[in-house]
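Residue-level structure breakdown
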Number of protein chains: 8
Amino acid sequence: MSTREWKVYLSGEIHSDWRTRIAEGIRAAGLPVRLDTPVCVHEDSDDCGAAILGAEDHAFWHDRKGATMNAIRTRTLIGEADVVVVRFGEKYRQWNAAFDAGYASALGKVLIILQQPDHDHALKEVDAASLAVTRTPEQVAQILRYVLDGSLPG
Amino acid sequence: MSTREWKVYLSGEIHSDWRTRIAEGIRAAGLPVRLDTPVCVHEDSDDCGAAILGAEDHAFWHDRKGATMNAIRTRTLIGEADVVVVRFGEKYRQWNAAFDAGYASALGKVLIILQQPDHDHALKEVDAASLAVTRTPEQVAQILRYVLDGSLPG
Amino acid sequence: MSTREWKVYLSGEIHSDWRTRIAEGIRAAGLPVRLDTPVCVHEDSDDCGAAILGAEDHAFWHDRKGATMNAIRTRTLIGEADVVVVRFGEKYRQWNAAFDAGYASALGKVLIILQQPDHDHALKEVDAASLAVTRTPEQVAQILRYVLDGSLPG
Amino acid sequence: MSTREWKVYLSGEIHSDWRTRIAEGIRAAGLPVRLDTPVCVHEDSDDCGAAILGAEDHAFWHDRKGATMNAIRTRTLIGEADVVVVRFGEKYRQWNAAFDAGYASALGKVLIILQQPDHDHALKEVDAASLAVTRTPEQVAQILRYVLDGSLPG
Amino acid sequence: MSTREWKVYLSGEIHSDWRTRIAEGIRAAGLPVRLDTPVCVHEDSDDCGAAILGAEDHAFWHDRKGATMNAIRTRTLIGEADVVVVRFGEKYRQWNAAFDAGYASALGKVLIILQQPDHDHALKEVDAASLAVTRTPEQVAQILRYVLDGSLPG
Amino acid sequence: MSTREWKVYLSGEIHSDWRTRIAEGIRAAGLPVRLDTPVCVHEDSDDCGAAILGAEDHAFWHDRKGATMNAIRTRTLIGEADVVVVRFGEKYRQWNAAFDAGYASALGKVLIILQQPDHDHALKEVDAASLAVTRTPEQVAQILRYVLDGSLPG
Amino acid sequence: MSTREWKVYLSGEIHSDWRTRIAEGIRAAGLPVRLDTPVCVHEDSDDCGAAILGAEDHAFWHDRKGATMNAIRTRTLIGEADVVVVRFGEKYRQWNAAFDAGYASALGKVLIILQQPDHDHALKEVDAASLAVTRTPEQVAQILRYVLDGSLPG
Amino acid sequence: MSTREWKVYLSGEIHSDWRTRIAEGIRAAGLPVRLDTPVCVHEDSDDCGAAILGAEDHAFWHDRKGATMNAIRTRTLIGEADVVVVRFGEKYRQWNAAFDAGYASALGKVLIILQQPDHDHALKEVDAASLAVTRTPEQVAQILRYVLDGSLPG
């Protein structure tokens, strides 16, 4: 009997250590999970299109070339994921995170949201499309542990 | 030979008259377009779940009941649309709009974004998934006119 | 601009007047809704296969011929519905209702459940797959009214 | 030439040893089958949502948090299964089992039902959507053996 | 409330009056059914490709041009049908009928088979994919009547 | 019994009268066909993006804005078509026509190619994905006539 | 770089050695191909349902139980195949083979037909849905060799 | 944690060394990529059908047999690819390349175009369906490197 590997994509905020903390929880529990992420180096993610394909005069097309290049990674990995975790942080507009959540939802992916209570009202439609709303990365890891091997914390 | 009716869903900001201006442009041009929208009365949209199904003690579940009830309308109409226009306004986080854009994109819908240049960078991934980025409701109507009957402005 | 007709399938319990009460609510509100139902005459629904295709010696195959004949109607209409309402009554096992709910859910249909609080725990997975859990047929009609034209009761 | 691994999901009743008996039959025959199941510890399955995400005041939302958490596992594994076996036991309403059967059926999964003759009439629609109705776990294992390597019992 | 039109495709044997008898049953019962068929003039169906696109030296390619031209009609109408009735007659190999049955089955269409008992064993896999095995065109019409308005014969 | 309207999309070369000749054939035969086309005014099709959304400094992005705007029409109408006719003319590279053919093919649309024999070798893969290779617009109209009502020419 | 394994399903006639000859060609060429087949022991395939699930009084239901049990294997393996080869032999009606061909075709599988010229006219629709019509098992192996590694015979 | 293998299909021009240069870039960067291609020996690709299945009198059918045989490989590998790179060279009509681009696009594959600036206008619709337009094979390799491990050149 084979062991199933779960594919989990971690979308959203890139300025805190939440991805690391989920990864640690998974490693500690020994779960067969493959974690995928976007490119999390902010400037590279912004400039990748121009860096490889050449500079643009206008910011709009500079951004476009970067965004479509990042979409190669994002769409492929979300398209293959079993679970998409979307983290909304304290700052910035994070429309990209919400876009990923909608995209994953329409594909029928399991959605887990990670956000703080002060965003509950603003995120109510996104939360309603998810199967779990979490407050800490550790809760995400605990959910994956329970889902994969049935173990509950404590 | 029948006339094709185009189904256009107008998602996003509900505090300005952009939907009306698109509707006027369509009417003026005599285009066979059915416009659909979310419920645009803010309080009703917030409270519909509790109003029909009963109050909740906690804001989180009050919001959940409203969000899922609105999703009955939103998912059905986006799922049927040929074109989804998503408007990002000046204020608020508007995660719901970005979620709808991602949702529509994953379903393969034509996406048209309506937003101001100061949001270009923050919306670059959303814009990159669209087939047109517009600045005024009139441009949206002009696009629909061109797409439906080939007429260009001026 | 055309008027959208919503297709609503009413599945489940056939011994009370809940379908009629929803239909009345829809008629009173003047909503463009097409209601579809299974064949609700219990004996006909049981015996249709044998009546048309010939009797069987064994109850198992008698039931099979009836069940597949009813499935012609059920699968087609659920497959076309925008919204599937599933009613769980007070009596009987009603596995067919739960099967329809699962079937509709996997097709991505909007699911509305109509059931009493004493079944909440037993129906928790079914409820969790729905967008609304209702207690009265009038609430179902009110939801449809809100979803279609934005009107709230009272 | 590789060996195909068959993915078989075992849904339904959790109070008898039927899953173990199928697993034993598979092991004895040396079949390349991966068996997946829901979490079968009743209390954990009920309380997982609250245990990880925090308690709720109302049973309805306590149940909802648990049900959606379990759905992460259930939907993913049913969505990947080749064969879904659904067991209906002697007791309880088991709407969840019937829901899983409908869900699997709409996804085009092979459905095998395991139930006793006194439920034949109540399960006739569920049975009609299956490719085999069995009475013992051993029959399920025999079917898998025949399907995988062509061996018949005896 | 609109009336649903059912789309029924009648595939298979073209040398008896079975299609007419089904049509008469439908007309007598006043059912909202659109019946579609292949081109039933044998020689035209064989020669259409060469007649329009030019003769071929070899029978194989003559047949190919005709078969693909007929497929324009067949695939489109089966792809749109709610119900596909496949009639196996007394004579000929009728592989085309069995092909249509398999094609419709994979698309999830409702399949009704019309054949005589002496073919039961040879057609057992085809029958098993259907929701009804009938012996007379009148039974097909009776099924449609029951499915559409719940009326049973007699 | 309703009359089925066939949706036929006419893609490709825009410098000869082939679309008109197909339309005339359809009109003469009284066939219920809706013909859809791209915008066939060459300059408008090139400049639509800039005309509505504003000029670009670089031809590449000028073209991009036009191409995506035209894609709103093209993708929607091909996505809805029953039959896609693709015409390859004598001149130009016509990669857009071949792209449309591939796009339609992957969607499972019926493909009819209209081209001259000197292109047979260059178009062999495109032809092989079609259900008919024609030489004149009149042949296309004759095919549609045969497919819709069974009439052969002459 | 991994090696791709091709999954090839061999459907149809079970009374000659054609499957063995294809397997030998594949082995000789060292191709990474997994060959799948139905259960090819005629009596077991006929009686499997009754042998495991119990005897039936009527041949019709005896056949039904066997046919649905075999469908567990057939549908799963065809559903996973890259290529479906369907062999029509000299004898019997072989409706099951034609059904499999139609089923595979609607799923978009690559279809290769193996049949003799005297069946060309009767099989013209089946042939037209295939990508190759072959006369010998060796040709099937040669096609697979060419498709996998580009080698042509001779 | 497993390593994801990316599947990249290289379609189009077969007269220069662009595939080799991409392969070298991938090897140098140590990326887990499986590269697939059509059969790139021009004469074999033209004659494969006749070589295996027998000669044809007419070039049209000679070409058809070859084209459908190559389609076995092409459709399967494009259907499985994550990324489809389409190269347009300096010469020939290359309709096959544009067809593959359209085919891949309709399947939702990531499309990368490799072409020179003098073709920009002729390829504007194809480019607009892609996520990157490149000028050198090295840029394709750099994109894959960035997408897979986040490294930018220089």
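This one's a predicted model, so the numbers in the text were calculated from it and none came from an experiment.

**Regarding the relation of the copies chain C and chain D**
- Of the transformation superimposing chain C on chain D, the axial component is 0.0 Å and the angular component is 180°, with the fit at an RMSD of 0.0 Å. The superposition of one copy onto the other is thereby described by a two-fold rotation axis.
- Same-surface contact between copies: 100% of interface residues of chain C are shared with the interface of chain D.

**Observations regarding the interface of chain C and chain D**
- Facing the 36 residues of chain C at the interface are 36 residues of chain D.
- Contact with chain D buries surface across chain C, with Arg 93, Trp 95 and Phe 99 of chain C losing the most and accounting together for 24% of the total.
- Counting every contact that joins chain C to chain D gives two salt bridges.
- The shortest N-O distance in the salt bridge between Lys 124 of chain D and Asp 46 of chain C comes to 3.2 Å.

**A closer look at the sheet that holds strand E4 (residues 110–114) of chain B**
- Taken in spatial order, the five strands make up an open sheet running E2-E1-E3-E4-E5 (chain B), and their pairing is parallel. Two strands close off the open sheet at either side, each with one partner strand: strand E2 (33–36) and strand E5 (132–134) of chain B. When the angles between neighbouring strand axes are averaged without regard to direction, this sheet yields 20°.
- Here strand E1 (residues 6–12) of chain B pairs with E2 of chain B via four bridges, running parallel. Following the sheet pairing, Tyr 9 of chain B is matched in E2 of chain B by Asp 36 of chain B.
- Relative to E1 of chain B, helix H3 (residues 59–80) of chain F is tilted by about 120°, and along the sheet it contacts E1, strand E3 (83–87) and E4 of chain B.

**Observations regarding the confidence of the model for chain A**
- Across chain A, the average pLDDT comes to 97, with 99% of residues at 70 or higher.
- Interface confidence for the predicted complex, given as ipTM, is 0.97, next to a pTM of 0.98.

**What to know about the sheet that holds strand E3 (residues 83–87) of chain F**
Residues and elements named next belong to chain F.
- The sheet built from five strands is open, its strands ordered E2-E1-E3-E4-E5 with parallel pairing. Each edge of the open sheet is held by one strand with a lone partner, namely strand E2 (33–36) and strand E5 (132–134). Neighbouring strand axes in the sheet, compared pairwise and without regard to direction, differ in orientation by 20° on average.
- Relative to E3, strand E1 (residues 6–12) runs parallel, the two sharing five bridges. Bridge assignment links Gly 12 to a residue of E3, and that residue is Arg 87.

**Some details on helix H1 (residues 18–29) of chain F**
All names here are of chain F.
- Between its first and last C-alpha, H1 extends 17 Å over twelve residues, near the 16 Å set by a 1.5 Å rise per residue.
- Within H1 the residues assigned to the buried category are Trp 18, Arg 19, Ile 22, Ala 23 and Ile 26. Down the axis of H1, the smallest arc covering the buried residues is 140°, so these residues share one side. H1 presents Arg 27 and Ala 28 as exposed residues on the side facing more than 90 degrees away from its buried surface.
- Packing partners of the buried residues in H1 comprise E1, E2, E3, strand E4 (110–114) and helix H6 (137–149).
- Of the residues trailing H1, Gly 30 is marked for its positive phi of about 65°.

**Overview of the relation of the copies chain B and chain D**
- In screw terms, the move from chain B to chain D is a rotation of 180° and a rise of 0.0 Å along the axis, fitting with an RMSD of 0.0 Å.
- The share of interface residues of chain B whose copies in chain D are also at the interface is 100%, consistent with both copies meeting through the same surface.

**Here we look at the side chain of Lys 109 of chain H**
All names here are of chain H.
- Mapping Lys 109 onto the fold places it in the loop between helix H4 (95–106) and strand E4 (110–114).
- Only 2.9 Å separates the side chain of Lys 109 from the backbone oxygen of Gly 79, close enough to count as a polar contact.
- In this view, Lys 109 contacts Ile 78, Gly 79, Glu 80, Ala 81, Asp 82, Val 84 and Ala 104; residues no more than four positions away in its chain are not counted.

**What to know about the packing of helix H3 (residues 59–80) of chain A against helix H6 (residues 137–149) of chain H**
- Packing of H3 of chain A against H6 of chain H leaves a shortest axis separation of 9 Å and a crossing angle of 55°. With respect to their mutual orientation, H3 of chain A and H6 of chain H come out oblique. As for the relative orientation of H3 of chain A and H6 of chain H, their crossing is right-handed in sense. For the pair H3 of chain A and H6 of chain H, contact is made by Met 69, Asn 70, Ile 72 and Arg 73 of chain A and by Ile 143, Tyr 146, Val 147, Leu 148 and Asp 149 of chain H, respectively.

**Let's talk about the interface of chain B and chain D**
- Counting from both sides, the interface comprises six residues of chain B and, opposite them, six residues of chain D.
- Each partner contributes to the roughly 510 Å² buried at the junction of chain B and chain D, and carbon and sulfur atoms together form 55% of this total.
- The largest per-residue losses of area from chain B upon contact with chain D belong to Asp 57, His 58 and Trp 61 of chain B, which jointly make up 74% of the total buried on that side.
- Scanning the region where chain B abuts chain D turns up zero salt bridges.
- Our enumeration of links across chain B and chain D arrives at four residue pairs in polar contact (both at pLDDT 80 or more).

**Observations concerning helix H3 (residues 59–80) of chain D**
Residues and elements named next belong to chain D.
- With 22 residues, H3 ought to run about 32 Å at 1.5 Å a step, and its terminal C-alpha atoms sit 31 Å apart, in line with that.
- When the local axis directions of H3 are compared, the greatest deviation, roughly 30°, occurs at Ala 71.
- For H3, a buried count of 16 out of 22 residues is recorded, marking the element as mostly surrounded by other parts of the structure.

**Considering the pattern of salt bridges**
- All told, the structure shown has 96 salt bridges over all chains when counted by the stated rule.
- One salt bridge connects Arg 34 of chain B with Asp 36 of chain B, and the closest N-O pair in it is separated by 2.8 Å. There is no split in this pair, since Arg 34 of chain B and Asp 36 of chain B are both buried.
- Note that Arg 4 of chain D and Glu 80 of chain G form a salt bridge whose closest N and O atoms lie 2.8 Å from each other. On the criterion of chain membership, the pair formed by Arg 4 of chain D in the segment before strand E1 (6–12) and Glu 80 of chain G in helix H3 (residues 59–80) is interchain, its members lying in two chains.
- One salt-bridge network, in which partners are shared between bridges, spans Arg 4 and Asp 82 of chain A together with Arg 34, Asp 36 and Glu 80 of chain D.

How each quantity is defined
Residues numbered from 1 in each chain as written. Chains lettered and ligands numbered in written order. Predicted model: local features only at pLDDT ≥ 70, side-chain atom pairs only at ≥ 80, totals over all residues. Heavy atoms only, no water. Least-squares fit on C-alpha atoms with pLDDT ≥ 70 in both. Contact = heavy atoms within 4.5 Å. Buried area = accessible area lost by both parts, 1.4 Å probe. Salt bridge = Lys/Arg side-chain N within 4 Å of Asp/Glu carboxyl O. Pairing = 2+ DSSP bridges. Helix = DSSP H or I, 4+ residues; strand = E, 2+ residues; numbered from the N terminus. Axes fitted to C-alpha atoms, helices over the stretch in contact; angles between N-to-C directions. pLDDT = per-residue confidence, 0-100. Expected span 1.5 Å × (residues − 1). Buried < 20%, exposed > 50% of the residue type's maximum accessible area, 1.4 Å probe, protein only. Arc of directions from axis to C-beta. Polar contact = N/O pair within 3.5 Å; in protein donor to acceptor, adjacent residues only side chain to side chain. Parallel < 35°, antiparallel > 145°, perpendicular 65-115°, else oblique. Left-handed = near helix turned anticlockwise from the far one by under 90°. Bend = angle between axes of the 7 residues up to and from the residue.

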